[in-house]
Every structure is written in C-alpha cells, then in structure tokens.
Amino acid sequence: MNLAQLHYTSAPPGPDGSGFRFTAVSPGVPATLLREAEQLIGYEPPRDLPDRPDGEQLKSFPRSLSCTELSDGGRLLCRSVYTGADYSGRWGNFHAHAVHLPPGVRLPDGALPITAWESPRWADATPPGGRPEPIDRFAPSGLLRRDGLVAFARSRADRLAAFFADLRTLADGSDARQIVLVERDSADVAQWIALACTVLPRELAHRLTFTTYTRRPQQARQQIVGALPSSEPVGHDHRFRVHDGTGRAAAQPVADVWADVCARIWTAGRPELFRDTVGGAGDTAGEAGRLAVTALAERIALPSAARAAAARWATDHAAVLPVPTLTALVEELARETGRGPGDVTDSGDHRAAGGAGDSGEATDSGDFGDGEPGALAALLARLDGQVPTAVSAPLAARVLTLAVRGRGPVPALGAGSLTPEVRAALARDLAPDLRHGIADTTGPAIGRPLELLRVADLLDVDCTDLLPEYAGRAARELVSGEPAGDRTGVAGGPARDRAAVSAEPTGDQVPTGVRPAGTRSDAALLDAVHAHPALRTALFGALNALAAAHPVAVAGRLAGYGLPLAPDPRFPHLRMCVLGDAAGPAGGDRRGRLRAVLHTAGVSPHADPAVLHTALRLVWPDELPTGEEASLLLNELGSDAHRLAGTRDLLVAAALAAPAEDAAVPLLAADLLRCFTTELAPAHRAPLLLLEFTALLGTDGEGENWVERVRALRDGAVEPVPDQVTRRVHDALARRLLTVPVPESELYALARSGDPALLAAYERAAHGAAVAERLRTVPSYVAARFCDWTAYQDTHPGWEATRTALLAKVLRPVVRALPAEDQAAVEEALRRTGRGRLDAYRAWNRPGALGRLAGRLTGRGRREDARATWHGDVQPPAGGGAR
C-alpha cells in the first residue's frame, strides 16, 4: 500500500518559498488536498510550557495525533509535534507528518487510526531529498497495549460510563456535540480514544475523528478533542461535552446501560469480550443485552438494569447462544438474585476489579425499577425445560417469590420446573401471600389473581373457598373492561403493559381491560370456565354484552378461542362473534355470509333487532356495503328492522361514501329518502337528493333548471357535501349537457354561473372517450358541439376559457381528421341552423391565424336566420329569464 504523505514545517527558502510550507509531498497529491490539509495540521504549544525549551523539556510537550474527515470523504491522519526553533533560530516551529486515506481506504493491515499513536514510522523531520518513503504498516508504540489500557481504565473508573454514554450518542448521530477530553498528558487522551475504539463497532471506530491535543478546542473539527488544562476552556459552550480527567469533579452517574456495561468490562480487565461479542461488531445500537450476556457469563457483576437487559436479550436469542454461555448465564442470574448487597463474592473472580459503581445486586427489598423481575420471568419461561432443573430451579424460586410478593409477573411453570425441596419450601413461605393475592379486590381480577390460582395449584396450596367470590369479580371486570385497581409491578406492571385494541370504524373504543386471546391468563381463564359452570354462565353473559358493543374486536379475540358455547339462545351476540367464522371467509358473497352469521345467532333479527347491528359490523368490519348491497339490505329486511337495529346511518354512510363507479347508489339514495322521510339528518338530506337527481337526468323525471337545482342543493346544504357526491353529480350533469337535445336554457345557465366545479366537470366529460367517439362518427353531433361551444361568448370568464379550450383541444383535432363526406354532413347540419352559423364554422375551420381569429369572433353582432334554429343558436334571454 502506497499512501500519499505530507510533511509540513518551517523550512529555509526553496522553490516553494520559505517559512511554514510543505517540505515533502508524495507525487500526485492535488493542490486542493494540500490547501485543505494546511488548515488542519497546525500546532500551537501550550501556554504554560517554556517558550524556549531545551531538548529534555521538548519531550514534555503534547503530541497531536489527529484523524480528520476531508471534503472528499477521505481522512487525513496527521502527527504534529513541537520542534522548538526553526532553521533561522526563531521559536515556535513544529513538524507535521500526515498520510492521506482516500474514501474507503484504511491503514495497512486494517489498523485503526489511533493505533498509529507514536509509531516509529512517524517522522520528526523532513525526509532527505524531500521524498517520503513508502509506509507498509504503522508499528504500534506499545502505549496502547492491553495491560496499559486496563490500568488506565481502572484509574478513570468513575468517569468511564459517562464517557461511553456520550460516545454512543455521538456515534449513532443522536447528539452531534463534540467530546472534549481534558488530560495533563496527550498520551492519556490517546488512551481514552483507544478505549472508545475498542467498544465501538469496527466500522464506526474507523470513521471516528479525533485529535489528541489542541490549544483551541473551539476551533477543532474532530468528534473527540483532546486538550490540556491550560487550553482554552469550553465548559460553558453548548457545542461540547467535557470530560475532565485531571482530578476535578467526578462525572455524574449515567442511566445508559450499555455505557455502564462497557465501563465494568474494562475495569474488570476483560476488553477481549468486546471483540468476542457478536463477532467483533460490538454493541453500540443502544441495546446492551448481548454485551451484558457476555459479561455475566464471565462472572462480571452488573447492576439490575444490565441484568434485565441481558435476560431480555437471552430470551430472544436463546436458540443461538452456545450451551456453555447459556448455562453460565443462567447460573449467574440465579446466584446473583439470591445474594444480598453485603455478600462477599467468590475469591478469584473479576468482581473485585470493578470500579464503575456498586454492583447493584438486588433482593426482595431492592429497587426493580429497571424491569429485572419481568425480564427474569421471561427468560425462565423461555428456558424452562431447556436446562437441567437443578440449574433452573433456584431461578424459578426467585421469580416465583418476586411474583407472589408483588414484584414481578407470575411465570407459567410445570411440575417439573421445581425440585421437591424447592416446592415444599415455597409452599410454606408463600401460602399466606397467595391467598391474599387471590382475594385482593384492589387490583385487576383477570391477570395476577388468576395466575396466582395456578401457582397455588402448582404448590398444592388450597384456595377453593376463594373461587366463588373471585368468579363474580372476574365476570364484572370483563364486562366493564376496567380493572378494579392498578398496581405498578403487579402482573406485568402498570396499565401500559395491558393490551389495548384500536377503535373500530364506528369510532367506539374497546375497553383496555380486554386482553388479546391466547395469553397465559386467558388459558387459565379457559381452564376455570371448563371447571366451574357457575363462573362460565356469568362470564358468558358479560361477554355477550361486550360482543354487542364491540363485535369486531371481540370476534378478533374470541373466534376460535375455544369457549365451550352450547346451543344457548341467551348469548346470540357472543355466538356470532365466536362461531361466525364457521359461516365462511370474509369477502365474496357478503350477503350470504350475513345470513349465515344471523343463523349462527340462533335468533331472528325481527325478534331481536340488535343482532342485525352486530351481524352487519361483523360482515363489514373495515368497509361499508356497496350501493347494491345496501339497497338489498334495506329492501329485504325492511326499514323498521334497520330503524330498530340502529343501522340506518350505516346505509346512509354507504350511499355517501360510495365511489363514482357504483351505479346502484342513486337508487339507494332514492330508497333512503323514501323509507326515512322524516328521520334523516339535515346534513344527509341534501347529499341524498343530489344522488337521487343523478338517476333522474336523462329520464322523464329530470324536469328543468338542472344546473340551478344542483347548485342550490350543493350550496344550501347544512354541512359540506362529500367530495365523492359532488363529483358524481357534477359529472352526471356534465354528461347530460353534452347529449342531444339539451334545452338551451341549461347550457346558458352553466355559462352564466361560471361555477368552477361544474365547468371543470363539463370540460372533463368533453375530453372523455364517449364524446370523442360521437364526434368522430356523428357529423350532426359535431355541428351541435360547435354551436354550443361558440354560444354565449363573454357571458363569464370561466365559460369563455372552457369553451375556447374545448374548441381548440377537442373539436378542432376531430374536425381536421374528418373525411370529406363527414365534413359536408357537418356543414349541411349547420346550414339548416342558419347561414351565419355555417359561415362561422367555415371561417373557424379555415387553416391559419385568420381562421382562428374568425373562430374567436364567431357570433359577435350576428343574427341568425330565423327560419332555422339549433340548440345553443340563440341570444341570451333578456334579464336571465327563460326565452
């Protein structure tokens, strides 16, 4: 590898001048790189060191090793050292030796930039002849060896976690503030950076930018900036996070679990664990679990939050953990949870080396705010039966004890999860707590008490006298959906740990107390339902009421749930929700499915109209019926059934929300207006009348004043008419105005109104395929459109723009392509309307600017032949009245 090198110092006069300049540069280095590098490699000596140091004093000056990102995406790795006086005897000289790492290029052997600290390959002077020798590798100096870094980490134990916490946010981009490390020796800064690169993933370590010394930290561009106590202070600058290792105030405790685990691994003297963790990638994603697992498996003491993270990670990845690691982890967690804060650790392990804070071991009286009990319970559930009982039983005993005493979730264990000795001891110690928890009325009945019943069975603790009262509480809680109480840390913790379900399309919310089917508490409840008929009856009655209120949510949880429902007409809503899947899959023939679901209820909707409401919401859970479906539902069941069932508004919504291609909607609107004459909401009446009117256009019932009727209904509505309704009626009216014949007053009403939405619909329809086809095949239709689109000029600017565009973009291309016989037919049709119209057409159709000008002037000041008339070939009625 031949990396480009740069040497920079104060030198005697030469071809490139005198003073500070590049004295040796590898061939091919562009001038732009030199200009940029010159701004990065400077050196200012500390203020508190001698101005004219001797040779021995020069050794105490800090050394600056910097890795800086360049504008081309590459890196500049540079060592700058103070050399005292220059060639002329002037003090303040320094020598900078740098290598350029282009984008994607690393140091030889893939070495990290920090490993080049004080390597023998760095030069303190310009090479002879001004030609840098190629660098094949950077031999390390020895300062960054393992033992030295461990000793350094232990000397900074109280500051490690805070530094690693800031490093993580810097590396993942969540906080771009630079880290400033204040040390008396730049070599100590290099060791900080080496610690950082060890805990970071390899790729992030290669991209980390740093400098081990600068006198002006505010001007540094690197992510990690080293400074001396005499450097310019940055303590009050919001751009920096300062870590002072010179013996001043210690760092504050941090809540970053990953950072704390990293610190404990370093102070335990086990940095190789970072390399071993996930194949050398480290763990910097904010999830400390994998790293904590490695540390615990090596007997490194961790606090509660880290143990919880390890347990959670192991729960998710138990299948890929090596057996020795998994066994060691389980043993450590079981042992650690049983040890008090004052217990002495085994001699010879790595606990004594820890210096990042108290070990954090917890007992029943400890603080479990980090979720350790829940994490241990999840891990126990995952590993139960996967490791020998003798290994898992102490962990099971610990989790059970915490759960029964209200410190964590209750695990699901079998008879083989505990040894006989552990089971007997637990039964003796936990019997009073078990009975109290089952009878407790201050907390939720479904969840913890139900799980405690199962624990009592597991430990042979008799609680049969408590079952009747408990069954009643469980039924009432399930009906209301709200637990009787809520205690943090009980049965999974606060309310956020209870499952909540989303609102249905109607907007009503299913109570948060209803849990998704398939949880362990549900399985226990099913067991209780099978075992206790009285509890079953009470529970089914409550579920039936819930099913009537929230059928989709209840069906989603209870369909296929396994409830032992007998053919009992007392619970029709519950039967539809639980057994409705037997009627067939969603979609397809939904009316057939509706009949099947109603049959499942076991009661007629005429006898109990409420079942119709439930059935409709089950069959159309996420969408509305189509126009045809809604019409058939209304006509088959009758308006009374829908009125009593409360499903009238569902049919109205189906009409108002239907897409334009649903041809059955206008007739549905007419049926709704007919069946619910006095009951429709004012906001619904106008949209339904508009939809009904679209079915009348083109029939004997269309009447007169179409444009004004549409505008009056639309603009006079109590609430804005839905967009899909207005578009449908506008398009229908536009299509009607483009047919033949059309009363002249309607086209004039459109032109005079200047209504933007109606004009846009008219123009949209005129551009449609149907109009284009008629124009190509029916000459008289061409004549009619010419008359329409040259009529009522200057009536309104909107109409003027619309008709002009249609003449140019729709009619003219068709007319130009007509064969001669069709052209003659068009002119004959126009001749019958009057000589003036035919002349206007010929002038408009004449090629060139004169023809276009004649088209724009058509009809101005001209009176037509009174012997013939054509739609649109009229003067506007005086005063806007009918002609």
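Residues numbered from 1 in each chain as written. Predicted model: local features only at pLDDT ≥ 70, side-chain atom pairs only at ≥ 80, totals over all residues. Heavy atoms only, no water.

## Some points on the overall build of the chain
Threshold: Only DSSP runs of H or I with at least four residues qualify as helices, and only runs of E with at least two residues qualify as strands; both kinds are numbered from the N terminus onward. The Shrake-Rupley method, run with a 1.4 Å probe, gives the accessible areas here. Residue values count only the displayed protein chains as cover.
A tally of regular secondary structure across the chain gives 37 helices and 9 strands. When the accessible surface of the chain is summed, it comes to about 38800 Å², and 53% of that surface belongs to carbon and sulfur atoms.

## Side note on the packing of aromatic side chains
This is how the line gets drawn: Aromatic rings from Phe, Tyr and Trp, taking only the six-membered ring of Trp, are treated as a pair when their centres fall within 6.5 Å; an angle between ring planes under 30 degrees marks them as stacked, one over 60 as edge-to-face, and anything in between as tilted. Per-residue accessibility, obtained with a 1.4 Å probe over protein chains only, is compared with the maximum for each type, and a residue is labelled buried under 20%, exposed over 50%, and partly exposed between these values. Lysine and arginine charges are scored as sitting over a ring when NZ or CZ, respectively, is within 6 Å of the ring centre and within 35 degrees of the ring normal.
Overall, the coordinates contain 19 aromatic pairs when judged by the stated rule. Note on F786 and W844: the rings are 5.3 Å apart at their centroids and 50 degrees apart in plane angle, and the pair reads as tilted. With F786 in helix α33 (residues 779-789) and W844 in helix α36 (residues 835-845), this pair connects stretches of sequence that are 58 residues apart. Summarising the burial analysis for this pair, F786 and W844 share the class buried. Feature note: the residues Y8, F20, F22, Y43, F61, Y82, F94 and Y213 constitute an aromatic cluster, connected by ring pairs. When the ring centre of Y781 is taken as origin, the NZ or CZ atom of R785, which lies over that ring, is 4.6 Å away.

## What to know about unusual backbone geometry
P741 follows V740 through a cis peptide bond whose omega is -5 degrees. Residues other than glycine seldom take positive phi values, yet Y792 does so here, at roughly 55 degrees. Inspection of the secondary structure assignment puts Y792 in the loop between α33 and α34 (797-817).

## Section: the confidence of the model for the chain
What counts, and what does not: The predictor's confidence in any single residue is recorded as pLDDT, a number from 0 to 100. Here, residues are in contact when the closest pair of their heavy atoms is within 4.5 Å.
Averaged over all residues, the pLDDT of the chain equals 81, while 82% of them reach at least 70. Predicted confidence is poor over residues 278-285, with pLDDT under 50, and the contacts of this stretch with residues over four places away or in other chains come to 21 contacts. In this model residues 485-518 is a low-confidence stretch, pLDDT under 50, and it forms 76 contacts with partners more than four residues away in sequence or in other chains.

## A closer look at the packing of helix α23 (residues 627-637) against helix α26 (residues 665-675)
Note the following rule: To get an axis, a line is fitted to the C-alpha atoms, and for a helix only the part in contact is used. The angle between two axes follows their N-to-C directions and goes from 0 to 180 degrees. For this classification, under 35 degrees means roughly parallel, over 145 means roughly antiparallel, 65 to 115 means roughly perpendicular, and everything else is oblique. If you view the pair so one helix is near and one far, a crossing is left-handed when the near helix is turned anticlockwise from the far one by less than a right angle, and right-handed when it is turned clockwise.
Across the interface, α23 lies against α26 with an axial gap of 8 Å and an inter-helix angle of 30 degrees. Taken together, α23 and α26 sit at an angle that is classed as roughly parallel. The hand of the α23/α26 crossing is left-handed. Between α23 and α26, the residues in contact are G627, A630, S631, L634 and N635 and V665, L668, D671, L672, R674 and C675, respectively.

## Focus on the side chain of D731
Its location among the elements puts D731 in helix α29 (residues 723-737). Assessed through its relative accessible area of 14%, D731 is described here as buried.

## A short note on the nonpolar core
Note that soluble globular proteins tend to have their nonpolar side chains buried in a common cluster. Applicable threshold: Among buried residues, those of type Ala, Val, Leu, Ile, Met, Phe, Trp, Tyr and Cys that are joined through side-chain atoms within 4.5 Å constitute a nonpolar core.
Counting residues in each nonpolar core, the largest one holds 109 residues, and the members touching the most others are I114, F164, L195, I224, W266, L434 and L459. Excluding residues that lie within four positions of it along the chain, I224 makes contacts with F163, L167, L170, I179, L181, I193, A196, L208, T209, F210 and T211. L594, A658, L680 and L733 belong to the second-largest nonpolar core, a separate cluster that totals 103 residues.

## Notes on helix α15 (residues 448-459)
Selection criterion: Each helix should span, by expectation, one fewer than its residue count multiplied by 1.5 Å.
Between its first and last C-alpha atoms α15 spans 16 Å; for 12 residues at 1.5 Å apiece the expected length is 16 Å, and the two agree. Within α15, 10 of the 12 residues are buried, which leaves the element mostly enclosed by the surrounding structure. Within α15, burial applies to R448, P449, L450, E451, L452, L453, V455, A456, L458 and L459.

## A look at the pattern of salt bridges
The following threshold applies: Salt bridge, as used here, is a side-chain nitrogen of Lys or Arg placed within 4 Å of a carboxyl oxygen of Asp or Glu.
For the structure on display, the rule yields 52 salt bridges. Taking the shortest distance from any N to any O, the salt bridge between D175 and R241 comes out at 3.6 Å. Taken together, the residues D175 in the loop between α4 (157-172) and β6 (178-182) and R241 in strand β9 (residues 240-244) connect sequence positions 66 residues apart. For the pair shown, D175 and R241 are each scored as buried. Its salt-bridge partner being E828, residue R831 comes within 2.5 Å of it at the nearest N-O pair. With R831 and E828 both in helix α35 (residues 820-833) and 3 residues apart, the pair spans about one turn of that helix. Look at E828 and you get partly exposed, because its relative accessible area is 32%. Overlapping salt bridges bring together E44, R47, R215, R216 and E232 as one network.

## A short note on the side chain of Q793
Where we set the bar: Polar contacts, as counted here, are pairs of nitrogen or oxygen atoms within 3.5 Å of one another; within protein the pair requires one atom able to donate a hydrogen and one able to accept it, and residues that are adjacent in sequence qualify only if both atoms are side-chain atoms.
One can find Q793 in the loop between α33 and α34. Since its relative accessible area comes to 16%, Q793 is described here as buried. Polar contacts involving the side chain of Q793 include one to the side chain of R803, which spans 3.3 Å.

## Quick look at the sheet that holds strand β7 (residues 210-211)
Going by this rule: Strand pairing requires that DSSP identify at least two bridges connecting the strands.
Ordered in space as β2-β1-β5-β4-β3-β7-β8-β6-β9, the 9 strands form an open sheet in which the pairing is mixed. Edge positions in the open sheet fall to β2 (17-25) and β9, since each of these has one partner strand only. Sheet topology places β6 next to strand β8 (residues 224-227); 4 bridges connect them, and they run parallel. Looking at β8, one finds that V180 is bridged to V225. The sheet contacts of α4 involve β6, β8 and β9, and relative to β9 the element is tilted by about 155 degrees. Strands in contact with helix α5 (residues 186-199) are β6, β7 and β8; relative to β8, the strand with the most contacts, it is inclined by about 160 degrees.

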